[in-house]
Every structure is written in structure tokens, then in C-alpha cells.
6 protein chains.
Amino acid sequence: MKRLLITGAAGGLGQVMRERLAPYAEILRLSDIAALGEAKANEELVQCDLADAAAVDKLVEGCDGILHLGGVSVEAPFSKILNGNILGMYNLYEAARAHGQPRILFASSNHTIGFYKQDEYIDVDAPVRPDGLYGVSKCFGEALAKLYFDKFGQETAIVRIGSCFETPRNHRMLSTWMSYDDFTALIDCVFRTPMLGCPTIWGVSENDSSWWDNSKARFLGWKPKDNAEKYRVELEKTVARPDPSSPLAIFMGGPFTQDPIHKDD
Amino acid sequence: MKRLLITGAAGGLGQVMRERLAPYAEILRLSDIAALGEAKANEELVQCDLADAAAVDKLVEGCDGILHLGGVSVEAPFSKILNGNILGMYNLYEAARAHGQPRILFASSNHTIGFYKQDEYIDVDAPVRPDGLYGVSKCFGEALAKLYFDKFGQETAIVRIGSCFETPRNHRMLSTWMSYDDFTALIDCVFRTPMLGCPTIWGVSENDSSWWDNSKARFLGWKPKDNAEKYRVELEKTVARPDPSSPLAIFMGGPFTQDPIHKDD
Amino acid sequence: MKRLLITGAAGGLGQVMRERLAPYAEILRLSDIAALGEAKANEELVQCDLADAAAVDKLVEGCDGILHLGGVSVEAPFSKILNGNILGMYNLYEAARAHGQPRILFASSNHTIGFYKQDEYIDVDAPVRPDGLYGVSKCFGEALAKLYFDKFGQETAIVRIGSCFETPRNHRMLSTWMSYDDFTALIDCVFRTPMLGCPTIWGVSENDSSWWDNSKARFLGWKPKDNAEKYRVELEKTVARPDPSSPLAIFMGGPFTQDPIHKDD
Amino acid sequence: MKRLLITGAAGGLGQVMRERLAPYAEILRLSDIAALGEAKANEELVQCDLADAAAVDKLVEGCDGILHLGGVSVEAPFSKILNGNILGMYNLYEAARAHGQPRILFASSNHTIGFYKQDEYIDVDAPVRPDGLYGVSKCFGEALAKLYFDKFGQETAIVRIGSCFETPRNHRMLSTWMSYDDFTALIDCVFRTPMLGCPTIWGVSENDSSWWDNSKARFLGWKPKDNAEKYRVELEKTVARPDPSSPLAIFMGGPFTQDPIHKDD
Amino acid sequence: MKRLLITGAAGGLGQVMRERLAPYAEILRLSDIAALGEAKANEELVQCDLADAAAVDKLVEGCDGILHLGGVSVEAPFSKILNGNILGMYNLYEAARAHGQPRILFASSNHTIGFYKQDEYIDVDAPVRPDGLYGVSKCFGEALAKLYFDKFGQETAIVRIGSCFETPRNHRMLSTWMSYDDFTALIDCVFRTPMLGCPTIWGVSENDSSWWDNSKARFLGWKPKDNAEKYRVELEKTVARPDPSSPLAIFMGGPFTQDPIHKDD
Amino acid sequence: MKRLLITGAAGGLGQVMRERLAPYAEILRLSDIAALGEAKANEELVQCDLADAAAVDKLVEGCDGILHLGGVSVEAPFSKILNGNILGMYNLYEAARAHGQPRILFASSNHTIGFYKQDEYIDVDAPVRPDGLYGVSKCFGEALAKLYFDKFGQETAIVRIGSCFETPRNHRMLSTWMSYDDFTALIDCVFRTPMLGCPTIWGVSENDSSWWDNSKARFLGWKPKDNAEKYRVELEKTVARPDPSSPLAIFMGGPFTQDPIHKDD
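Criteria and thresholds
- Residues numbered from 1 in each chain as written.
- Chains lettered and ligands numbered in written order.
- Predicted model: local features only at pLDDT ≥ 70, side-chain atom pairs only at ≥ 80, totals over all residues.
- Heavy atoms only, no water.
- Pairing = 2+ DSSP bridges.
- Helix = DSSP H or I, 4+ residues; strand = E, 2+ residues; numbered from the N terminus.
- Axes fitted to C-alpha atoms, helices over the stretch in contact; angles between N-to-C directions.
- Contact = heavy atoms within 4.5 Å.
- Least-squares fit on C-alpha atoms with pLDDT ≥ 70 in both.
- 1 Å grid on protein atoms, 1.4 Å probe; cavity = no way out; pocket = protein on both sides within 12 Å on 5 of 7 lines; lining within 4 Å.
- Points joined across faces, edges and corners; volume = space filled by probe spheres on them.
- Nonpolar A, V, L, I, M, F, W, Y, C, P; charged D, E, K, R; others polar.
- Buried < 20%, exposed > 50% of the residue type's maximum accessible area, 1.4 Å probe, protein only.
- Right-handed = clockwise from strand over helix to strand, strands pointing away.

A. Fine view of the sheet that holds strand β7 (residues 156-161) of chain A. All names here are of chain A. The sheet built from 7 strands is open, its strands ordered β3-β2-β1-β4-β5-β7-β10 with parallel pairing. With partners counted over all chains shown, the strands left at the sheet margins are β3 (43-47) and β10 (200-203), one partner each. For this sheet, the mean angle separating the axes of adjacent strands, direction not counted, is 20 degrees. Note that strand β2 (residues 27-32) and β3 share 5 bridges and pair parallel.

B. Spotlight on the sheet that holds strand β4 (residues 65-68) of chain B. Residues and elements named next belong to chain B. Spatial ordering of the open sheet is given by β3-β2-β1-β4-β5-β7-β10, a layout of 7 strands whose pairing is parallel. A strand with exactly one partner marks an edge of an open sheet, and here the two such strands are β3 (43-47) and β10 (200-203). Within the sheet, the average angular offset between the axes of one strand and its neighbour, ignoring direction, is 20 degrees. Alignment of strand β7 (residues 156-161) against β10, held across 4 bridges, turns out to be parallel. Looking at β10, one finds that Arg160 is bridged to Trp202. Along the sheet face, helix α4 (residues 133-152) touches β5 (103-109), β7 and β10 and points at about 155 degrees away from the line of β5.

C. Representation of the relation of the copies chain C and chain E within the structure. Overlaying chain C with chain E gives an RMSD of 0.0 Å, the required rotation being 180 degrees about an axis along which the chain moves by 0.0 Å. Such a turn and shift between the copies fits a two-fold axis. In terms of proximity to the rotation axis, the leading residue of chain C is C:Phe140, whose C-alpha is 2.6 Å off the axis. Residue by residue, 100% of the interface of chain C is reproduced at the interface of chain E, so both copies engage with the same surface.

D. View of empty space enclosed by the protein. Going through the model one piece at a time under the given rule, you end up with 13 cavities of 30 Å³ or more. Looking at the largest cavity, it is lined by 22 residues, and the ones nearest its centre are C:Ala126, C:Pro127, C:Val128, E:Pro127 and E:Val128. Of all elements in the fold, only α4 (133-152) of chain C together with α4 (133-152) of chain E reach the threshold of two or more residues within the lining of the largest cavity. For the lining of the largest cavity, the residue count by class is 12 nonpolar, 2 polar and 8 charged.

E. Seen up close, the pairing of strand β5 (residues 103-109) of chain C. Residues and elements named next belong to chain C. A large share of β5 lies buried, amounting to 7 of its 7 residues. Residues Arg103, Leu105, Ala107 and Ser109 of β5 are buried on one face, and the alternating residues Ile104, Phe106 and Ser108, pointing to the opposite face, are buried as well. Sheet analysis places strand β4 (residues 65-68) next to β5, joined by 4 bridges and oriented parallel. Across the sheet, residue Leu67 finds its bridge partner in β5, namely Leu105. The parallel pair β4 and β5, bridged by helix α3 (residues 78-98), forms a crossover whose chirality is right-handed. Judged from the 6 bridges that link them, β5 and strand β7 (residues 156-161) form a sheet pairing that is parallel. In the sheet register, Ser109 faces β7, and the bridge partner there is Ile161.

F. Structural context of the relation of the copies chain B and chain A. Take chain B, turn it by 180 degrees, move it 0.0 Å along the axis, and it overlays chain A with an RMSD of 0.0 Å. The overlap is high: 100% of the interface residues of chain B also sit at the interface in chain A, so the same surface is used on both sides.

Here it is, written out as C-alpha cells:
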């Protein structure tokens with residue numbers, strides 16, 4: 001790939017991918033609303049508000065692929081979500097449409113289905129059950145991606161990320177964890193596959209405790225290699241098991257299901 | 001019912017329902033961004049922009065039920081859809097949450113699934129395939145309604161309206177038409193049923209040519225009585241059959257699938 | 001048919017069927033643990049405890065068909081259910097096996113699945129969710145009937161009766177009601193069909209408000225003619241709508257879901 | 001329609017349709033390997049062996065629609081089936097491809113699935129289970145029709161005819177019967193619908209006793225009006241109920257399941 | 001865990017688990033109708049008939065978890081099954097309800113579905129098809145467990161054990177075998193998972209030849225490690241392949257499907 | 001096995017299997033319409049046209065098992081396909097019926113379903129969508145095999161071979177490749193299993209990129225060991241990725257979907 005755009009590159013996951021994806025493209029164009037530090041040799045840094053259509057148009061121009069991690073990634077007041085995840089998503093897809101429709105990996109979230117119970121096993125076509133305004137905005141994003149595929153042929157990999165951290169941090173993440181290695185491998189699959197279409201994919205490692213059936217994405221050839229299970233013993237030393245009646249133990253979305261509606265200050 | 005709020009009451013369908021629902025509540029509170037004419041004896045008229053949170057809060061206060069027809073109902077520039085269907089929907093649900101959670105009938109649309117082909121037969125759990133920004137905004141609305149049900153217990157009937165007119169106007173409507181009588185009966189079912197939950201319902205009459213399986217809404221006891229078929233002969237006298245290769249004949253969403261992305265003037 | 005055995009003939013439904021089924025067989029053999037009154041011309045009366053294997057063996061001898069309404073039909077102490085519905089069921093099937101395997105209509109119950117919610121739509125293969133010991137005993141009976149079919153070829157119609165009364169008595173029965181006429185017609189279908197097999201059938205009229213999909217029993221040719229809906233207006237005059245948070249409005253099994261475990265006196 | 005071709009027009013069903021379809025096209029072109037009698041005013045008669053590619057090519061030229069009833073319609077030696085139903089089918093589709101791809105209604109058969117049991121309820125996507133060489137040839141025909149649709153856009157209505165006679169003739173036909181009126185109405189739907197695609201349709205009336213779910217063909221708007229049930233009483237006077245252990249009572253294909261492999265004389 | 005109750009501890013599997021589960025609880029309370037030998041340091045031995053409600057009540061008191069292996073585990077006269085598996089199961093659940101609802105692992109059986117064919121692949125929600133009275137009693141037990149979960153919140157892991165032995169003993173067990181290690185690991189998962197609910201789980205190792213889909217239990221994190229396949233070569237040296245027409249080769253339940261109804265002596 | 005017949009033994013795959021299956025039977029009877037070279041010690045060579053019924057009858061006599069690779073294996077004029085794959089298949093099954101019904105492994109093909117898209121994941125019961133006359137002939141063969149099973153008990157393993165070569169040759173084969181080792185192991189499973197029935201099996205290795213769900217064949221105990229993925233890097237050095245809009249990248253059948261109808265010279 002010549003130029004890969006990473007939005008949200010100043011965020012937690014964005015910083016990790018900034019390192020790991022360097023070998024995958026001649027140039028990484030990195031964007032965030034926050035500061036991005038100093039550019040390395042193969043990097044282009046663009047501070048940009050996704051709600052600014054003109055800025056986003058310029059941002060996308062000249063890119064061959066987009067890893068869209070940008071926007072709000074936790075529960076927040078609706079005004080913030082509206083700008084970052086709804087208007088921002090629209091701006092990004094309009095910009096892509098204007099500039100040759102580079103393939104997009106859209107970081108959606110398990111919080112689109114957070115109100116399913118943890119003892120269920122669902123595939124990507126289970127009706128959405130978002131667990132907060134953040135989850136609702138990701139439902140919006142998924143619908144928008146599908147529209148642009150059906151109407152314009154824009155290809156998107158909709159990746160419902162579980163919990164992408166160095167290691168699993170609590171019992172719920174024994175099911176939802178995706179390792180950085182596995183995410184990197186998924187990104188590689190998405191951009192290398194001859195035809196992508198517009199699949200929805202659970203972004204999760206090969207954990208023993210699993211809630212999500214990824215069969216429908218088998219054509220991509222993505223085989224996650226990591227397993228949260230190997231961290232269980234260590235984790236149980238420091239993290240208490242949640243009470244069976246706690247949302248942490250009941251719902252896939254865990255603590256998000258308890259979040260109130262956040263209001264602007 | 002004591003007070004039923006109808007949003008979008010100045011729109012085409014809103015005007016019809018204003019007449020027909022008069023007997024169903026002591027007071028009809030009617031709202032629109034456009035002028036609503038003169039109030040009848042049992043009517044309260046409130047001109048109101050759904051994007052105005054404070055106004056919507058006041059609008060909802062004191063209502064026992066809401067028929068939410070408001071917002072944009074055709075393809076439009078995203079800024080309009082954002083205000084009317086996304087921000088407006090959020091404002092409405094926040095207002096309902098603040099004021100006792102009156103039951104809501106949310107007018108969603110077949111354009112949430114407009115890219116399915118006309119020779120398919122789908123039920124309400126088929127993954128969304130919106131056919132425009134309007135359709136995407138209705139996917140947002142459906143997801144928001146589900147969130148408020150799962151998190152707060154707010155009951156909503158999500159009604160994916162086909163084509164609600166006096167009579168079917170083209171060949172596609174032989175499948176999508178819902179008569180005013182049938183819609184009125186559905187509204188009655190929604191507000192009378194002891195437990196509503198948050199079902200999704202195809203808003204369509206008992207047409208011979210059908211694309212949509214309403215089995216999952218059978219608990220409501222809604223039995224549409226009308227059938228577009230009785231208008232076929234008449235319709236064929238004046239309306240040409242669409243070409244088999246036309247989106248009018250191919251996709252459930254019909255002409256919406258051809259709409260471009262509308263831009264602000 | 002030459003001789004039709006009706007067990008539980010002194011019960012509410014048994015008495016009705018005693019009248020209605022007279023034309024269907026030369027002789028009705030009627031049995032109950034309670035007194036059966038006086039025999040009519042074509043009747044044989046046999047007072048019999050289903051827990052008494054020898055008595056049941058004699059009861060079944062010479063019969064060409066069995067309508068098994070006997071046993072306990074409401075929540076009761078387990079000792080009673082054990083005798084009437086578990087041991088009694090076993091005794092009946094052993095007797096049938098000994099005496100030529102007359103076809104059996106087994107009155108099972110919606111209480112085998114009473115913990116499904118009223119806004120679901122299920123077919124007969126949905127996993128059981130009994131709502132009391134009575135419901136559990138009917139699950140036992142259904143399993144036993146299937147065993148005798150798979151192992152010995154004994155044909156049974158497993159009929160999960162909803163609410164079989166003169167008219168619907170409360171809001172729940174607008175969904176669960178089966179008219180006497182419809183049940184009579186079903187019995188006719190069961191005994192006339194060339195091959196019965198061992199189907200499970202929802203015993204319910206053609207009510208507008210429906211929770212149960214009877215498609216898999218379509219081969220029987222049973223088309224219920226009645227509809228609880230025609231009693232709605234009348235019913236609403238005297239019966240209050242259940243509160244949405246009441247088990248009466250939430251669960252298919254209605255009040256049974258609230259029953260405690262009954263203990264022997 | 002200008003010119004409708006009916007193949008197999010000298011057969012039982014062909015003769016009936018010759019009468020009934022006269023009003024549907026300016027010209028009926030009638031074809032059979034057998035003699036066709038005298039031509040009426042709007043008829044063109046063509047004696048033709050479907051195994052003769054050149055003859056079939058000429059036969060199809062100039063037609064706007066094809067009702068393909070031709071070929072062998074019962075169990076027969078394989079050489080006959082090979083010529084009439086396999087080579088003949090190929091010749092017909094090649095001719096259609098050469099001459100503008102007129103829409104085709106292909107008379108397939110319930111004998112493609114004859115080994116399902118009569119107490120099952122299946123839809124058109126159930127895997128085939130043919131009950132004889134005839135049924136196998138119809139599986140071939142269905143596969144060929146799908147190929148020509150996927151590869152060339154040739155539209156076909158694959159109609160799995162049950163038993164199309166004046167009235168039902170035995171107990172099995174209480175489930176499989178299709179009236180002439182209903183078949184005529186189906187033909188009308190197939191040729192009038194703007195987009196046909198390549199659906200598979202159960203060719204069966206609205207019989208109370210039903211084995212086949214036609215939901216997936218709902219888009220056609222075909223609503224059969226007749227019901228074999230109204231002939232039950234009369235039928236039972238003259239036709240004995242089949243024994244429960246007879247293939248007539250067990251399998252959907254009835255007597256065909258018992259047919260041996262026919263050998264050439 | 002402080003005190004784990006194992007019922008049926010004198011049985012074949014009970015003896016094995018007595019050894020293996022010693023590390024999992026401070027105290028093992030072991031119970032059987034048969035003699036249990038001498039108590040080890042951390043053991044409490046209670047000889048107890050499950051049909052004795054008072055004794056069972058005392059047995060359960062003070063336990064934090066129950067491994068319910070007790071009752072009859074093969075085909076037997078109904079009186080025995082009634083006492084051990086039906087009345088005994090009821091007594092156990094009533095005792096658990098009285099004493100804080102300790103989590104239960106209920107040893108159900110593949111004989112609940114023994115009449116499925118060996119070339120099918122089913123999940124835990126396939127309708128039951130028991131292969132004997134023993135299997136029917138396990139259907140009862142499963143229904144009772146579900147009732148206590150839905151009504152009282154009692155958590156149970158319903159484990160349909162295949163064949164739990166040292167090694168597979170015949171060809172059928174190449175599909176049904178569960179190793180002791182895998183069962184031990186499953187027990188661990190069941191008692192450690194924060195929320196258990198009331199899942200049904202196939203108790204079977206990761207055998208190459210498999211009939212049962214355990215996807216719905218993936219949330220438990222149980223990954224069986226053993227595979228009957230490694231015993232195939234050895235097994236084939238001493239055990240003859242069953243005839244294709246033998247129930248041993250046809251039905252999942254194997255020889256149980258051939259068992260007669262056992263009668264009391 | 002005493003005598004295993006391999007048809008099509010002079011073909012590419014036939015030659016490989018001739019080597020590999022030598023240890024599996026005392027005698028290999030090898031047949032082809034083409035020359036077969038010289039017979040080895042345990043070989044019987046029979047040059048034979050499958051369209052010749054008498055010759056095929058003799059060919060099958062005395063065999064205990066049949067690996068049916070014979071017939072046309074690519075798109076060809078219909079006359080060739082008719083002889084080799086349709087008449088030839090019928091002749092083979094009639095011969096098997098006459099000679100003790102030896103178990104058959106029928107080499108069907110992924111071209112029965114070649115018009116599914118590469119981003120789908122289907123199981124063997126997905127409706128057929130052949131991609132050419134060759135694929136249609138394999139649909140015929142599958143239907144015939146099912147008929148002979150249902151009617152006569154003839155067991156067949158229907159193996160839909162993907163791409164069976166030394167190594168994968170293009171990007172599509174990263175999904176469709178089956179190694180020789182894996183095919184050999186499958187053949188072994190098919191002939192050793194006590195009951196085979198008539199399953200349909202995807203003939204494909206354990207490739208990371210997979211389109212086909214083989215769960216329903218799990219009972220056979222076949223666990224493919226190879227994975228096309230290990231050839232990806234090497235393959236990408238010499239084979240260009242197909243364009244996303246090319247049938248090679250879109251349809252499971254790849255280039256076959258583009259083949260025209262071949263005509264006789």
C-alpha cells in the first residue's frame with residue numbers, strides 16, 4: 001500500500017497501530033483531533049476534527065486505505081458522539097467517495113450488542129442491542145458503511161472490537177480480549193483480500209471463553225493466534241470475580257450497560 | 001388515553017392521523033416544525049423543532065403516549081437528517097425518559113432495508129440494508145429505541161412503514177402499501193396491549209404480493225384488513241409496469257436506492 | 001371408531017368432550033378418579049386411579065383410541081403430580097403397548113413453555129421452559145410419548161392446550177384460548193389422518209393475538225375456526241388489563257409462573 | 001403477450017391449459033411429440049421432439065413466454081427421461097438463449113422431494129430427495145434453470161406441481177392438489193410480475209392439509225383460492241384411507257416412492 | 001469452595017470424581033445409597049436414599065456446590081427410575097432451594113436424544129428423543145432444572161454426558177467418549193464462572209468423530225483436550241465394527257435404543 | 001477391502017489415487033475411457049466408456065467399494081457431459097444395484113454451487129447454484145445418489161471436491177484447495193465408518209480462508225490436516241491477485257462462472 005490513513009492515531013489503540021502498521025504502507029498518514037507528536041520518516045501528521053467536512057476531505061485525498069479508529073470511544077455526552085461518530089463518519093465516507101473509494105476498516109464495537117447476555121453465543125447478524133449512546137453511534141456507522149457499499153461499492157470491514165489491550169484486564173475480557181498481534185493480522189487480511197465486500201467481523205482473539213461466532217468472516221483467512229485464557233491465573237490473583245448479579249457478569253457490554261446518559265457540562 | 005402527542009402532525013400522514021386519532025385520546029397534542037393550522041376542540045398545537053431539546057422536553061411533558069411521525073421523511077441533505085431524525089430522536093427519548101416514559105410508536109421505514117431484492121421474503125431481524133441517508137437515520141432511531149428499552153424500560157413499537165397513502169400509486173406499492181385504516185388499527189393495538197416491549201413491525205397491509213414476514217409481531221393482535229391487490233387493475237390502466245432491470249422492480253426500497261447523496265444548497 | 005377412551009372425563013374439559021365426542025365412536029369409555037355420574041346408552045364408565053397399573057391396563061383393553069385428559073391439571077403438591085401425571089402416564093403407555101397401540105391424543109399444556117415472554121413467537125420445537133411442577137410433568141409426558149413412538153411405533157398427538165373454555169376469561173386468554181369446537185375438530189383430525197406420527201401441536205384457536213406457530217402441524221389439516229378477538233370488547237368491560245409488569249402480562253404461562261411449590265398438607 | 005409457447009400441449013394438463021390460456025396471448029403456439037388435433041383461430045401447432053435441438057430452436061423463435069409442460073411426466077425408462085427431460089430441457093434453454101430469453105414457467109414436480117415424510121413441513125430450499133428417475137430429471141431441470149439465470153439472466157419460475165387435476169383423487173391429493181383455476185392464476189402472476197428472477201414455487205392450492213411452505217414466493221402475489229378439503233367427504237365415500245404403513249401415507253411422493261427402476265422393453 | 005457435595009459417589013464415575021475433585025473444595029461431602037467405604041481426611045460420607053426428602057434436605061445443607069451424579073444410570077424398571085431420578089431430583093432441588101441455592105452440575109445424558117441418527121449433527125436445543133425410561137427421566141430432570149432457574153434463579157449446568165470412561169470401549173464411543181480429565185476441567189469451569197445461568201452442555205471430549213455442537217456453551221471457556229481418535233487403532237484390534245444395520249451403528253443412543261421396557265421382578 | 005474400483009483412473013486425480021490407494025485394498029480395479037498404462041501387481045485395468053451400460057455392469061461386478069472419479073471434469077459440450085456424467089452415473093448406480101451395492105464415493109464438485117459469492121459461508125444444504133453444464137451434471141449426480149439411498153439403501157459419500165492438486169495454484173485455491181493427503185484420509189474415513197448413509201461433504205483442506213462449513217460431516221471423523229495458507233507467500237510471488245471485480249475474486253466457482261456454453265465442434 002502506498003498511503004494508509006489512520007484516524008484516531010493519538011488514541012490508545014491508535015498509538016499502538018501507528019507503530020505496528022509502519023511496515024504495511026510506504027506512508028502512514030496519521031490523524032487525530034489531539035496532538036500527534038513528531039512525525040517519523042514515513043509519517044504524515046494531520047490534526048483534524050472529523051466533524052469538519054472540508055478537513056476530512058483533504059485528509060482522505062491520496063490514501064489507498066483507511067483504518068478508521070477515530071471518534072469517541074467511550075460513553076460521552078451526545079453532542080460529542082454526534083460530532084465525532086455520526087457527523088465524522090459521514091464526512092469520512094463522503095471524502096472516500098470523492099477520492100477513489102479506498103478500502104476502509106471501520107472500528108465498530110461490541111457495544112453495538114452489549115445488552116446480550118454473556119451466556120449467549122451470537123453471530124454478526126444478531127439484531128443490534130446497543131448498551132449506550134456510544135453503541136448507538138456505532139450502529140449508525142455500521143448502517144452507513146452498508147449503504148455506501150450497496151449504493152456505491154465502497155468496501156468496508158466492519159470490525160466490532162472487543163477489548164484491544166496489551167493483556168486482558170478483568171474477567172469479562174477473558175471473553176472479549178483481542179491481542180495487538182491478532183488485530184494487526186486482521187488488518188493485513190482486510191487489505192490483502194482480493195474482494196472484501198462489507199463484512200462484519202468480531203474483533204476478538206481465539207479465547208477459550210467465547211460469545212461470538214466469526215464463521216461468516218472465514219473467507220478472510222484471519223486466524224487469531226492468541227488466547228486470553230493464558231492470562232486467567234495471573235488475572236485472578238489481582239482481580240476479584242464479579243458478582244453473578246452484576247452487569248459485569250451478566251451482559252456482554254459489561255460496565256457500559258450501567259452507564260447513565262452523559263450530559264454536557 | 002388522556003393526552004396523545006403526534007409529532008410531524010403537519011406532514012401528509014400526520015394530517016390523516018390527526019383526524020383519525022381524535023377518538024383515541026381526550027386530548028391530541030399536535031406538533032410540527034411547520035404550521036399546524038387551527039386547533040380543534042380537543043387539540044393542543046405546538047410548533048416545535050425537534051432539534052431543540054428544551055422545546056421537545058416541554059412538548060412531551062404530560063403526554064401518555066407518543067406517535068412519532070416527525071422529522072425528515074425523504075432523502076435530504078445530511079444536515080437536515082441529522083437535526084430532524086438523529087438529534088430530534090435523541091431529544092424525544094430524553095424527554096420521554098424525563099416524563100414518565102410514555103409509550104412511543106416510532107415511525108421507522110422500509111428504507112432501513114431498501115437494498116433487499118423484491119423477490120426476497122424477510123422478517124424484521126434481517127440485517128439492515130438502508131438505501132439512503134434517510135434510511136440510515138432510521139437505523140439510528142431503531143437502535144436508540146432499543147437502547148432505551150434495554151436500559152430504561154422505555155417501550156417503543158418500531159413500525160417500518162411501507163407506503164401509507166390513500167391507495168397504492170405504483171407497482172411497488174402493491175407490495176408496500178398500508179391503508180390508513182390498517183395503520184389506525186395498528187396504533188390502537190400498540191397502545192392497548194398490556195405489555196408492548198420493543199417490537200419491530202412491518203407497517204404494511206395484508207397485500208397479496210408481500211415481501212415481509214410479520215410473524216414476530218403476532219402477539220399484538222394486529223390483523224390488517226386491506227389488500228393493495230384490489231387496486232391492481234385500476235393502477236395498471238395508468239401506471240406502466242417498471243422495466244425488470246429498473247431499481248423500481250429490483251429493490252424493496254425502489255426509487256430511494258437510486259437517490260444520490262443530497263448536498264446542502 | 002369402535003371404542004374411544006376418555007380419561008379425566010369428570011374434569012371440566014372431560015365433561016364437555018363426553019358430550020361432543022359421542023358421535024365419534026360407537027362406545028365412549030369414560031374414566032376418572034372422581035365419580036362420573038350415570039352412563040348413557042353408548043357409555044362405559046370406569047372409575048380408575050391412573051397410578052394403578054393393573055386398573056389402567058384393564059381400562060385400555062379393547063379401545064381403538066384414547067383421549068388422555070386425565071391426571072392433575074393445575075399446580076399441585078409433587079406427590080399428586082407424580083401419581084397422576086408421571087406414574088399415570090407411564091401406566092397408560094404400557095397399557096397401550098399391551099393392547100394394540102391405539103392412537104393417543106395426549107393433553108399436554110402451554111405450561112411446558114410458560115416462561116417464554118408474551119412478545120415472543122415460538123414453534124413447537126422451542127426448548128421447554130416449564131412454569132411449575134405441573135408443566136414439568138407435562139414435559140415428562142411429552143418425552144415419554146416420543147420414546148414410545150421412536151421405540152415401539154406408538155402414535156401420539158401431543159396437544160399443548162392453551163386455555164380451553166367456553167369463552168376467553170382474561171387478557172391472556174385472548175392469545176391462549178381454544179374453543180370447544182376447534183378442539184373437537186382437532187380430535188377429529190388426529191384420529192382420521194392416515195399417518196399421525198408423533199407431532200406436537202399448539203391447542204389454540206385462530207386468535208388474532210398469537211404466540212405460537214403451528215406450521216409443523218399443517219399436515220393434519222386442522223384449521224381452527226374461532227378467534228378470541230370477538231370476545232375482546234365484552235371482556236374488557238369486566239376484566240381489568242393486567243399491569244405491564246405483572247407476570248400475567250409478561251409470561252406465556254401467566255399466573256402459573258407465580259405459583260409457589262405446593263407442599264403436601 | 002404476443003406469442004406464448006406451451007410445450008407438452010397434448011398431455012393432460014397441456015390440454016387444459018390450451019383452453020384456459022387462450023385469452024392470455026394473441027397467439028398460442030402449441031407443441032408436443034404427439035398429435036395436437038386441429039388448430040383454432042389463435043393457435044399455431046408444432047409437432048416436435050424436444051430431443052431435436054434444431055426443431056426446438058425453431059419452436060421457440062418468436063415467442064414471448066414459454067409454459068414448459070413437455071417431456072415425460074411419470075416414472076419411465078431412463079432413455080425416455082434422458083431424451084424428454086434432460087436433453088429436451090437443455091435444448092429448450094439453448095433455444096431461449098438464442099431467441100431473446102422469453103420468460104419460462106418450468107413445470108417441475110413434487111417428486112423432486114418425494115422422500116420427505118408427510119408429517120414434515122418444508123420450504124422450497126429443503127435439500128432435494130427425489131423419489132424416482134423422473135424426480136431426478138426434474139432436479140436436473142431446476143439446476144439448469146438456475147444456471148441460466150445466474151449466468152445469462154434467463155428468468156424462470158420453477159413450479160413444483162403437486163397434483164393438478166379436476167379434483168383430488170385420493171387422500172394424498174388432499175395435500176398435493178392444485179386446481180386448474182389456481183394454476184391459471186399462478187401462470188398469470190408469473191408472466192405479469194415486473195421482475196421474476198428464478199424462484200421455486202410449490203404448485204399447490206390453499207389446502208387445509210399442507211406440507212409445503214410457499215412464503216418465499218409471496219412476492220409474486222399468487223393467492224390460491226381453492227382448497228382440496230371441500231372434496232374430502234365425497235372422496236372418502238369412494239376411496240379407502242391408505243394404511244398408515246403404506247408409502248401412500250408415509251411419503252410426500254406417495255406411490256412414486258414405490259416405483260421400481262423402469263427398464264427399456 | 002468450602003463444601004462440595006457429590007451424589008452417586010459410590011458409582012463408577014462417582015469414585016473417579018471423588019479422587020479428582022479433592023483439591024477443588026475444602027470438604028467433599030459424598031453420598032450414595034450404597035456404601036462409600038472409609039472417609040478420608042477431607043471427606044464427609046452420607047449414605048442416603050435420594051427418594052427420602054428429609055435425608056436429602058440434610059444432605060444438601062451447608063454445601064456450596066453440588067455434583068449430582070446420583071440416581072439410576074442405566075435402563076431399569078420404572079419404579080427404580082421414579083425413585084432415584086424423578087423423586088430424587090425433586091428432593092434435591094427442593095433441598096437446594098431451602099439451603100441457599102448452591103450451584104448444581106446435573107449429570108444428564110446423551111440418552112435424552114438417543115434416537116437421533118449417528119450421521120446427524122445436533123446442538124443442545126434439538127428436541128429431545130429419549131431412548132428409554134432412563135432417558136425420559138433425564139428429560140424430566142432437565143425440565144426441572146430449567147424451572148428452578150426460571151422461577152427461583154437456581155443455577156444448574158445440565159451436562160449431557162456421553163461415555164465417561166478411562167478409554168473408549170467401542171466404535172460408538174469414538175464419538176461419545178469424554179475423558180476424566182476433560183470432565184474434571186468442565187466441572188472446574190462450571191463452578192468458577194461468574195454467571196452460570198442454566199446451560200445445557202454436551203459432556204464429550206474433542207473427538208474427531210463428533211455428533212454434537214457445543215457452541216452454545218462456549219462462554220464457559222471449557223476446551224476439552226482429549227480425543228477418542230487416538231484409541232481407534234487399538235480399539236479396532238479387539239472390537240468388531242458394528243454392522244451398518246445395527247442400532248449400535250445407527251442411533252446416537254446405541255444399545256439403549258434396543259433395550260426393552262424393564263419390569264419389576 | 002478386497003477390490004476397490006477407481007473410475008477415471010487415467011485422469012489427473014485418478015493417477016494420484018491409483019498410487020495412494022494401493023494399500024487400501026487387495027486389488028485395485030482401475031477404469032477409464034483413456035488408456036491406463038500397465039497394470040501393477042495388485043491392479044486390474046479395464047478400459048471402459050461409462051455410457052456403455054453393459055460394460056459398466058461388468059466393471060462393477062465383484063467390487064466392494066467404488067471411488068467414482070470418472071466422467072467429464074471440466075466444462076464441455078453437453079453431449080459429452082450427457083454421456084460421461086449423466087448416462088454414465090446412471091449406469092454406475094444400476095450396476096451397483098445389481099451387484100450388492102458396494103459403497104460409493106462420488107466425486108461431485110464445488111461447481112454445483114459456483115455462483116455463491118466468495119464472501120459467503122455456506123453449508124452443504126445451501127440450494128445449488130451450478131456455474132456451468134458440468135456443475136449441473138454434478139447436481140444430477142447428487143440427486144441420483146440420494147434417490148438410490150432413499151429407495152434402495154445404496155450408501156454414497158457425495159464429496160464436493162474443491163481443487164485437488166499438489167499445491168494451490170491461485171488465490172481462489174487458497175480457499176478451495178484439498179491436499180492429496182487429506183483426500184486420501186477422507187476416502188479412508190468413508191470406507192471405514194460403520195454407517196455411511198448419504199452425506200454431502202466439502203472436499204477441502206483445513207484452509208484458513210474457508211467458504212464451506214463441514215459440520216454436518218463431523219460424524220465421519222475426517223479431520224483434514226493441511227492448510228493452503230502455508231503456500232500463500234510463495235504463491236503471491238508468481239500469481240497476481242485477481243481484480244476485485246473479476247469473477248475469479250467474486251464467485252466460488254471462479255473461472256467456471258465465465259465459461260460459455262461449449263458447443264460440439
